[in-house]
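# Residue-level structure breakdown
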Amino acid sequence: MGADGNWERLLEKAFEAREHAYVPYSQFRVGACILTTDGSYILGANIENAAYGSTNCAERSAVFSAYSQGYRKEEIKALAIVTEADRLTTPCGACRQVLSELLQPDTPIVLSNRRETAVTTIARLLPDSFGSEDLQESKNF
Ligand code: THU
């Protein structure tokens with residue numbers, strides 16, 4: 001990522017991850033990639049399952065992989081999510097919930113379908129989210 005917001009390499013890696021998607025049921029390939037503050041690119045793809053609900057989305061694969069390697073939200077500079085769909089693919093509800101806990105609110109989330117690119121944040125995608133602070137409050141009862 002350049003300071004100018006040039007996401008070319010991050011998107012290239014996300015499209016590379018997309019090639020690893022395991023999608024025998026939907027044929028809908030999604031790729032994701034996380035750029036860390038030490039310059040690492042961590043890839044994620046959607047991995048489906050015959051028990052459909054056990055499917056893991058690409059962005060969750062990427063963020064879980066980053067955390068599994070010891071990175072935490074402060075070290076995540078950006079997340080890219082890519083498809084080749086007609087319109088940009090945004091994270092599903094479950095992924096938004098996960099990202100709201102595992103990314104900083106204003107970390108750039110870069111969406112691309114090769115024709116179009118947009119940058120958003122989890123704060124914009126999931127405002128007024130439920131989080132760990134809410135669990136703390138429950139202890140007051
Ligand atoms: N999917 C993702 O991986 N990320 C998204 O942002 C949207 C949906 C996957 C889940 C499933 O494998 C396929 O796309 C169709 O829903």
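Located above this text is the structure these notes cover.
Let me begin by describing the structure that accompanies this report. (Residues numbered from 1 in each chain as written. Predicted model: local features only at pLDDT ≥ 70, side-chain atom pairs only at ≥ 80, totals over all residues. Heavy atoms only, no water.)

## A short note on the site of the ligand
Counted only if it meets this: Proximity is defined per residue: any heavy atom of the residue falling within 4 Å of a molecule or strand makes that residue near it. Under this definition, polar contacts are N or O atom pairs within 3.5 Å; protein pairs additionally need one hydrogen-donor-capable and one acceptor-capable atom, and for neighbouring residues in sequence, both atoms have to be side-chain atoms. Note on areas: Shrake-Rupley with a 1.4 Å probe; residue coverage comes only from the protein chains shown. Put plainly, a pocket is an open set of points on a 1 Å grid over the protein atoms alone with protein on both sides within 12 Å along at least five of seven lines, a cavity is a set where a 1.4 Å probe fits but cannot get out, and a lining residue has an atom within 4 Å of a point. Whether a molecule lies in a cavity or pocket depends on its atoms, and more than half of them have to be within 2 Å of the grid points.
N46, E48, C57, A58 and E59 are the nearest of the 13 residues found near the ligand. Between the ligand and the protein, one listed contact pairs an oxygen atom with a side-chain N or O atom of N46 at 2.9 Å. Starting from 380 Å² of accessible surface for the ligand in isolation, the protein chains cover 79%. A majority-of-atoms criterion places the ligand in the second largest pocket.

## Topic: the pairing of strand β3 (residues 76-82)
Regular strands place their side chains on alternate faces of the sheet. We apply this condition: Each residue gets one of three labels from its accessible area relative to the maximum for its type: buried under 20%, exposed over 50%, partly exposed in between, using a 1.4 Å probe on protein chains only. Helix numbering and strand numbering both begin at the N terminus, where a helix is a DSSP run of H or I of at least 4 residues and a strand a DSSP run of E of at least 2. A pair of strands is treated as paired once DSSP finds two or more bridges between them.
Most of β3 is tucked away, with six of its seven residues classed as buried. Sheet topology note: the strand β1 (residues 31-36)/β3 ladder contains six bridges and is antiparallel. Note on β3: the bridge partner recorded for G31 is V82. The pairing of β3 with strand β4 (residues 109-112) spans four bridges and is classified as parallel. In the strand pairing of β4, A80 is matched with V110.

## Comments concerning the layout of surface pockets
Just so we agree on the cut-off: Grid points are joined across faces, edges and corners, and a volume is the space filled by probe spheres set on the points. When residue character is reported, Ala, Val, Leu, Ile, Met, Phe, Trp, Tyr, Cys and Pro are called nonpolar, Asp, Glu, Lys and Arg charged, and the others, Gly included, polar.
A volume near 210 Å³ is recorded for the largest pocket. S100, E101, L103, S129 and E133 are the residues nearest the centre of the largest pocket, which is lined by 14 residues in total. For the lining of the largest pocket, the secondary structure elements donating two or more residues are α3 (93-102), α4 (122-125) and α5 (132-138). Each residue belonging to the lining of the largest pocket can be placed in one class, and the counts come to six nonpolar, five polar and three charged. Its volume calculated, the second largest pocket comes out at about 160 Å³. When the residues that make up the lining of the second largest pocket are grouped by side-chain class, the tally is six nonpolar, six polar and two charged.

## Things to note about α3
Three or four residues apart is the spacing at which side chains of an α-helix point the same way, because the helix has 3.6 residues per turn. Convention followed: Read the arc as the range of directions from the helix axis to the C-beta atoms.
Buried within α3 we find C95, R96, V98, L99 and L102. Along the long axis of α3, the arc covered by the buried residues comes to 165 degrees, so they all point the same way.

Interpretation in functional terms is not warranted from these geometric data alone.
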